[in-house]
Amino acid sequence: MLLFPTILTAALAATGMAAAIPSRDDTTANKGTASLLQVRNPSFEFRHGPLALAKAYQKFGAPMPEDLRAAIARFRQNQKRTTGTIATDPEKHDVEYLTPISVGTPSQDLVVDFDTGSSDLWVFSTEMSTSDIKGQTVYDPNNSSTSEKVQGSTWKITYGDGSSSSGDVYLDTVTIGNLTVPSQAVEAAKKVSSEFTDDSHNDGLLGLGFSAINAVEPTPQNTFFDNIKGSLDAPLFTVDLKHGTPGSFNFGYIDPAAYIGNISWTPVDSSQGYWGFTSPGYAVGTGAFRNHSISGIADTGTTLLLLPKSVVSAYYKEIQGAQYDSDQGGYIFPCSPTPPDFVFGVNKGIVTVPGDMVSYAPADSANQNCFGGIQTDTGIGFSIFGDVALKTSFVVFDAGGLQLGWAAK
Ligand SMILES: CNCc1ccc(Oc2cccnc2)o1
């Protein structure tokens, strides 16, 4: 009676139950019969209903009904998962990192600032006054057969450094590496502040913050990451910025070759639309760790590491000759000797900003004093773990687990 148990097994398997065919010696009924003991199969992973049904049809070579075949095709299509990677290049002094994107059909290639501290993809465009353009590549929606104006929509943004931009909105295809969002909101600039005009290699920003703070009115738009994340192997991206050399943004996977040791995970507070987290404290050089909650955001679009005044003054107190220079609006210190490392906690782990990365840039022509890469977060309302902090680490921005992972590299 091989067929009987097999069919029943297949049917039960489809429901997540497995039938145990008892061995000869534990049948309870009379000779020649068998009682099937049903046990739940602990290793049975839930399978999509149509898939399980299709399995039974396939098992017996029965032709699959059209509706079932179509359901399987749709399911498999959605199962398609992908990953992506793109190189990102530092500008002088690592002031920002520029990353190539392609917009429109035929593709228009621009380089933009991937900014985890904001959530708008905006680009220099043909809608700007030429006096606001100094060397940037501009997006021309009229030169893209796939652009569609989002009628009535506009945007305006002011960033933490006081720079600003505004304009209107198109939907168009956007490709980063091998990842394409066919209908991505591309915010075309009509006006930009002088900081952007003077930032001649930067053609715009690509926000990697949470879409809740997208600035498009009346209908906020999704970020590129929010649009692509459902197609990724995992809903995450990783940031691997480096000092003075190309790094990378990876989408959908964690590259084990990109970091050393363990990843320290910490929960993200996305309530303000940022990748917010709280560091448990800090240390200066080889000094003792000081418990001191520091709440801030991981922000690739901010150059420096901006921390509470008490922490910053405790750090610079350890550097002979360090002082706050009101002319420059920040702490400066003798470029030599190398200042002490700055260490901050991430959950039970630590991140070390090497002393030679704390010296951000010469503060005077004689290169005697250096402008600090660590400055205060006064007036912002939270700390900003910008490029000075991020470039020391391999950082995972995990939207699935709503957590940040920091690892040494
Ligand atoms: C350098 N100023 C122009 C500029 C480049 C990137 C941004 O945008 C910012 C600034 C501060 C924080 N996050 C994003 O402004």
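Details of the structure are given in the entry above.
Overview of the structure. (Residues numbered from 1 in each chain as written. Predicted model: local features only at pLDDT ≥ 70, side-chain atom pairs only at ≥ 80, totals over all residues. Heavy atoms only, no water.)

**Quick notes on the overall build of the protein chain**
For the protein chain, the helix and strand inventory stands at 8 helices and 26 strands. Per-residue burial over the protein chain gives 46% buried out of 409 residues. When contacts within the protein chain are restricted to residue pairs at least 6 apart in sequence, long-range pairs at least 24 apart make up 63% of them. For the protein chain, the accessible area works out to roughly 19700 Å², and carbon and sulfur atoms hold 53% of it. (Helix = DSSP H or I, 4+ residues; strand = E, 2+ residues; numbered from the N terminus. Buried < 20%, exposed > 50% of the residue type's maximum accessible area, 1.4 Å probe, protein only. Contact = heavy atoms within 4.5 Å. Areas by Shrake-Rupley, 256 points an atom, 1.4 Å probe, with all protein chains shown as cover.)

**Overview of unusual backbone geometry**
Of note, the amide linkage connecting E217 to P218 takes the cis form, showing an omega dihedral of -5°. Within the element layout of this structure, P218 appears in the loop between strand 10 (204-207) and helix 5 (224-228). Residue P337 is bonded to the preceding S336 through a cis peptide linkage, with omega at 0°. Within the fold, P337 resides in the loop between strand 18 (330-334) and strand 19 (342-346). Its identity as a non-glycine residue notwithstanding, N347 has a phi of 50°, on the positive side. With respect to the helices and strands, N347 occurs in the loop between strand 19 and strand 20 (349-353). Here the phi dihedral of N367 falls at roughly 60°; this positive angle occurs in a residue that is not glycine. By the secondary structure assignment, N367 is in the loop between strand 21 (359-362) and strand 22 (369-372). On the basis of relative accessibility, which here comes to 44%, the residue N367 falls in the partly exposed class.

**A look at the site of the ligand**
Within the structure, the ligand sits among 13 residues, and D113, D161, S163, G301 and T302 are positioned closest to it. S163 is positioned with one of its side-chain polar atoms (N or O) 3.1 Å from an oxygen atom of the ligand. A total of 370 Å² of accessible area belongs to the ligand in isolation, and the protein chains cover 85% of it. A molecule is said to occupy a pocket when more than half its atoms come within 2 Å of that pocket's grid points, and by this definition the ligand occupies the largest pocket. When the residues that make up the shell around the ligand are grouped by side-chain class, the tally is 3 nonpolar, 3 polar and 7 charged. (Near = heavy atom within 4 Å. Polar contact = N/O pair within 3.5 Å; in protein donor to acceptor, adjacent residues only side chain to side chain. 1 Å grid on protein atoms, 1.4 Å probe; cavity = no way out; pocket = protein on both sides within 12 Å on 5 of 7 lines; lining within 4 Å. Sits in = over half its atoms within 2 Å of the grid points. Nonpolar A, V, L, I, M, F, W, Y, C, P; charged D, E, K, R; others polar.)

**Points about the nonpolar core**
F114, F251, F342 and W406 are the most contacted members of the largest nonpolar core, which has 73 residues in total. The element best represented in this core is helix 6 (residues 309-316), accounting for 5 residues. (Core = buried A, V, L, I, M, F, W, Y, C linked by side-chain atoms within 4.5 Å.)

**Some thoughts on the layout of surface pockets**
The volume enclosed by the largest pocket comes to roughly 930 Å³. Y159, G160, D161, G301 and T302 are, among the 38 residues lining the largest pocket, the residues nearest its centre. At the level of elements, strand 5 (108-115), strand 7 (148-158) and helix 4 (194-197) are the ones that each hand at least two residues to the lining of the largest pocket. Looking at the lining of the largest pocket residue by residue, the class counts come to 14 nonpolar, 14 polar and 10 charged. (Points joined across faces, edges and corners; volume = space filled by probe spheres on them.)

**A look at the side chain of S166**
Examined against the element boundaries, S166 turns out to sit in strand 8 (residues 164-176). In contact with S166, not counting residues within four places along its chain, are W155, K156, A188, A189, K190 and K191.

**Details of the sheet that holds strand 17 (residues 323-325)**
The strand order across the open sheet formed by 4 strands is 17-18-22-21, and the pairing between neighbours is antiparallel. Sheet topology places strand 17 and strand 21 at the edges, where each strand pairs with a single neighbour. The mean angle between the axes of side-by-side strands here comes to 45°, regardless of whether they run parallel or antiparallel. Here 3 bridges tie strand 17 to strand 18, and the two strands are oriented antiparallel to one another. Directly across from Y324, in strand 18, lies its bridge partner Y331. (Pairing = 2+ DSSP bridges. Axes fitted to C-alpha atoms, helices over the stretch in contact; angles between N-to-C directions.)

**A look at the pattern of salt bridges**
All chains considered together, the criterion is met by 6 salt bridges. For K134, the salt bridge goes to D198, with nearest N and O atoms at 3.9 Å. Highlighted residues: K134 in the loop between strand 6 (121-123) and strand 7 and D198 in the loop between helix 4 and strand 10, separated in sequence by 64 residues. Between K149 and D168 there is a salt bridge; the shortest N-O distance is 4.0 Å. Residue K149 is located in strand 7, and its partner D168 is located in strand 8; the two are separated by 19 residues in the primary sequence. According to the relative accessible area criterion, K149 is partly exposed, its value standing at 37%. For D168, a relative accessible area of 6% puts it in the buried group. (Salt bridge = Lys/Arg side-chain N within 4 Å of Asp/Glu carboxyl O.)

**What about the sheet that holds strand 19?**
Strand order in the open sheet formed by 7 strands is 20-19-14-15-24-16-23, with mixed pairing between adjacent strands. Every interior strand has two partners, whereas the edge strands, strand 20 and strand 23 (374-376), have only one. Adjacent strand axes in the sheet meet at a mean angle of 40° when their direction is disregarded. In this structure, strand 16 (residues 305-307) lies alongside strand 24 (residues 383-385), joined through 2 bridges in antiparallel fashion. Residue pairing in the sheet places L306 in a bridge with I384 of strand 24.

**Concerning helix 2 (residues 49-59)**
Looking at helix 2, one finds that the buried residues are L51, A52 and A54. Projected down its long axis, helix 2 shows its buried positions confined to an angular sector of 160°, all on one face. Among the residues trailing helix 2, G61 stands out with phi positive, at a value near 65°. (Arc of directions from axis to C-beta.)

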